[in-house]
Each structure stands twice: as structure tokens, then as C-alpha cells.
Amino acid sequence: MTREKAEKRFLTLGKELFELQEAMYAAEVTSVLVVLQGRDGAGKDGTIKHVVGHLNPRGVAVTPFGVPTPEERGHDFLWRIHHHAPRLGQFAIFNRSHYEDVLVARVHDLVPRSTWKERYGHIRDFEELLAEHGTVILKYFLHITKEEQEGRLLEREESPETAWKLNPNDWKERDHWDEYTGAYEDAISKTAAKHAPWTVVPANAKWY
């Protein structure tokens, strides 16, 4: 697909998405949860910006999940997530999510191996619970290469408009590329389900 065709298609889909959201908002029978995961620089913020631009802001909420606060660490790992699950009629987007607890926590040994292995089951049960109560769950992994990430981080570092987004840890995390690859593969394979499917999106081309 060419960029020109993609842009036209995107506008068509955007209009359809808006109409579907309006119907969902009025009916209050179902909700939508989009889980967006990806390495640093994969394009999560840009993706959210473009998609939300087609939605009615009164019915959508975007929640970014960073390092857990002391209060959040005092509860089970899903406690902070469940609070932001969409109510009926609402559209929610998670920028990173409960999957950080089987990604970062695993790669950096923040919890014992036995703990993060159990979390796959907790995540499956949690998403099944949401689905049974009317939430449509859509999970996307924006997949970029190590070379593409390096270029984006350098570009971000050199631009005054985006330098604020760069965290020194973004470079350090590259040392764990292979470990994160394994962690993502396990997270996707162990939690993909008919009611909560994963889609791996080739994301080297931002426009695509």
C-alpha cells in the first residue's frame, strides 16, 4: 500500500470509527479497551494521537502507565489497571499496561521468576472478566527493529521539540534487547485469546 492510498483509507476508517463510537456511547452496552505496547520509540504516542483525533473526546480516555507509585506497589499488580478499565459506552486506550509486569519486571528481576510466571494466568483471567462484562479488548504490539529504534532515539535527542521525551534509560534498555524480545514473545503467546487477541504491527514506517 502506498502512503497516498493509506491516508485515504485512514480517513475512511476514521469516519467509520467515529460513527461506531457514537453508537456505543449511546447504547452503553459495550466498551472498548485498546492495549498499546512497544519498545521505546515504537510510536505509541503518535499512534494514539492520530487515532484519538477521530474519536469524540467525551467518550475516550487515554491512560499512560509508568513506574508504579508506592501506593500502587502496596497492592496487587492489577489494582492500578482495573481502576482505568472503560465503563460501558466508553473507549479506553492504555499506553503501556499491565503487561509491563511481565516485561520490565521480568527483564530486570524486579520480582521472583515464580511471581511473573503466575501473572500470565492472572492477566488471562482479568481480561476474560472484562470481556464477560462487555469490554471488547484489542491488543497491539508496535514492532520496530533495533536499527530503527536507534535512529528514532537519535532524532528525538537532537530535536528541541522531542528531547524532553528522551530518558537516559531508553539507551540502557537497548542492552536488554534480546531479553525483551523473549519476554514479548511469551507475553503475546501466553495471553492471546479469542476475546483478547494480539496484533503485531510492523512499525518501522511511521506513516504506515
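Please refer to the structure higher up on the page.
Now for a look at the structure at hand.

Scoring rules and cut-offs
Residues numbered from 1 in each chain as written. Predicted model: local features only at pLDDT ≥ 70, side-chain atom pairs only at ≥ 80, totals over all residues. Heavy atoms only, no water. Helix = DSSP H or I, 4+ residues; strand = E, 2+ residues; numbered from the N terminus. Rg over C-alpha atoms; globule rule 2.2 N^0.38 Å. Buried < 20%, exposed > 50% of the residue type's maximum accessible area, 1.4 Å probe, protein only. Contact = heavy atoms within 4.5 Å. Core = buried A, V, L, I, M, F, W, Y, C linked by side-chain atoms within 4.5 Å. Expected span 1.5 Å × (residues − 1).

What follows covers the overall build of the protein. When helices and strands are tallied, the protein shows 9 helices and 5 strands. When the elements of the protein are put in sequence order from the N terminus, they spell out α-β-α-β-α-α-β-α-α-β-α-α-α-β. Against the compact-globule benchmark of 17 Å for 208 residues, the protein has a radius of gyration of 18 Å, which places it among compact chains. When the backbone C-alpha atoms are referred to their principal axes, the protein occupies close to 45 × 40 × 30 Å. A total of 208 residues make up the protein; the buried ones form 40% of that total. Counting only contacts in the protein whose residues sit at least 6 apart along the sequence, the fraction spanning at least 24 positions is 77%.

To continue, consider the nonpolar core. Grouped together as the largest cluster of nonpolar side chains are 28 residues, with contacts concentrated most on Leu33, Ile81, Phe94, Tyr99, Val102, Leu103 and Ala187. Apart from the residues within four sequence positions on either side, Leu33 is in contact with Pro86, Ala92, Phe94, Leu130, Thr135, Val136, Ile137 and Leu138. Listed in part, the 13 residues of the second largest apolar core include Val34, Phe91, Ile144 and Ala203.

Moving on to helix H6 (residues 113-132). Between its first and last C-alpha atoms H6 spans 30 Å; for 20 residues at 1.5 Å apiece the expected length is 28 Å, and the two agree. Three or more residues of H6 are buried, namely Trp116, Arg119, Tyr120, Gly121, Ile123, Phe126, Glu127 and Leu130. Taken together, the buried residues of H6 touch strand E1 (31-38), helix H4 (79-82), helix H5 (104-107), strand E4 (135-143) and helix H9 (177-191). In the segment just after H6, Gly134 is the residue with positive phi, at about 95°.

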